[in-house]
Amino acid sequence: EVTQRIKARLKEVQDWNSIIDEIEEEAGSLAEASQQSAMLFELARACEDVLLDKARAMQCYQKAFKLDQSNLLALECAREIFRQMAHLEMVTRLMTLELRANKDPERAPALNYAYGTAMLNQRDVDQAKNFLAAAANAEPDNVSYQARFQETLYDRGNWQFAFDNVITQLQAMVGGEDQ
């Protein structure tokens, strides 16, 4: 609905910021915070998808979450924009909020996996290990969760031994050092 209104209004005005401001004001005038949050979320999606303004979308997603802390989809969308920008610190900050606010046990393994993966990307293996273990334990048949958790188990202090061992095994397979 909001997207259609924006598209219709874009034909009438040259400054699309004024349209966004109007809709933001309209959202602010709604009675309940959850309604305001839902409308700001729709506005953010329109900013992102129609206007290709990720900065403005980010503002609306953040406002939507602040108004309704159960609107985890707004937080997830904001996190995705930060991920696309390779701003891993903000990704993990938003993930922390998302993990705290999550009340859905079905969603917890995916959140733990995503947070653990983000921590691995930041080279914080010890913290990643706990979250990836939680995801792997919650869904033992999920091959991706299991594989990512296994990545945290190798002995980081003994990598040279492991590397030398692999080289020795490869040399044995190909028949010597010269090949």
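Now for a look at the structure at hand. (Residues numbered from 1 in each chain as written. Predicted model: local features only at pLDDT ≥ 70, side-chain atom pairs only at ≥ 80, totals over all residues. Heavy atoms only, no water.)

**A closer look at the overall build of the protein**
For the protein, the helix and strand inventory stands at 10 helices and zero strands. Tracing the protein from N to C terminus, the helices and strands come up as α-α-α-α-α-α-α-α-α-α. Taken against the 2.2 N^0.38 rule, which gives 16 Å for 179 residues, the C-alpha radius of gyration of the protein at 23 Å runs more than 25% over that of a compact globule. Taking the principal axes of the C-alpha coordinates as reference, the protein spans close to 75 × 35 × 25 Å. (Helix = DSSP H or I, 4+ residues; strand = E, 2+ residues; numbered from the N terminus. Rg over C-alpha atoms; globule rule 2.2 N^0.38 Å.)

**Considering helix α8 (residues 125–138)**
Counted at 1.5 Å a residue, the expected span for α8 with its 14 residues is 20 Å, and the 20 Å between its end C-alpha atoms agrees. Listing the buried residues of α8 in full gives Val125, Ala128, Leu132, Ala133, Ala135 and Ala136. For α8, the angular spread of the buried residues around the axis is 165°, confining them to a single face. Across α8 from its buried face, at more than 90 degrees, point the exposed residues Asp126, Asn130 and Asn137. Considering only its buried residues, α8 is in contact with α7 (108–121) and α9 (143–151). (Expected span 1.5 Å × (residues − 1). Buried < 20%, exposed > 50% of the residue type's maximum accessible area, 1.4 Å probe, protein only. Arc of directions from axis to C-beta. Contact = heavy atoms within 4.5 Å.)

**Focus on the pattern of salt bridges**
Under the counting rule described, the total for this entry stands at 10 salt bridges. Of the charged contacts in the structure, one is a salt bridge between glutamate 98 and arginine 79, with a shortest N-O distance of 2.8 Å. Note that glutamate 98 is positioned in helix α6 (residues 88–101) and arginine 79 in helix α5 (residues 72–84), a separation of 19 residues in sequence. Here the salt bridges share partners, and the residues they tie into one network are Asp21, Glu24, Arg56 and Lys63. (Salt bridge = Lys/Arg side-chain N within 4 Å of Asp/Glu carboxyl O.)

**Considerations on helix α3 (residues 33–49)**
Along its 17 residues, α3 runs 24 Å from first to last C-alpha, staying within 8% of the 24 Å computed at 1.5 Å per residue. Taken residue by residue, α3 has Gln36, Ser37, Met39, Leu40, Phe41, Leu43, Ala44, Ala46, Cys47 and Glu48 as its buried positions.

**What about unusual backbone geometry?**
Of note, the phi angle at alanine 86 is positive, near 60°, even though the residue is not glycine. Looking at where alanine 86 falls in the secondary structure, it is placed in the loop between α5 and α6. Residue arginine 123 is not a glycine yet carries a positive backbone phi of 65°. As for its position among the elements, arginine 123 is in the loop between α7 and α8.

**Some remarks on the packing of α8 against α9**
Packed helices, taken two at a time, are described by the angle their axes make and the gap between the axes. The interhelical angle for the contact between α8 and α9, taken along N-to-C directions, is 150°, at an axis separation of 9 Å. Put simply, α8 runs roughly antiparallel to α9. Every pair of crossing elements has a handedness; the one defined by α8 and α9 is left-handed. Residue-level contacts link Lys129, Leu132, Ala133, Ala135 and Ala136 of α8 to Tyr145, Gln146, Arg148 and Phe149 of α9. (Axes fitted to C-alpha atoms, helices over the stretch in contact; angles between N-to-C directions. Parallel < 35°, antiparallel > 145°, perpendicular 65-115°, else oblique. Left-handed = near helix turned anticlockwise from the far one by under 90°.)

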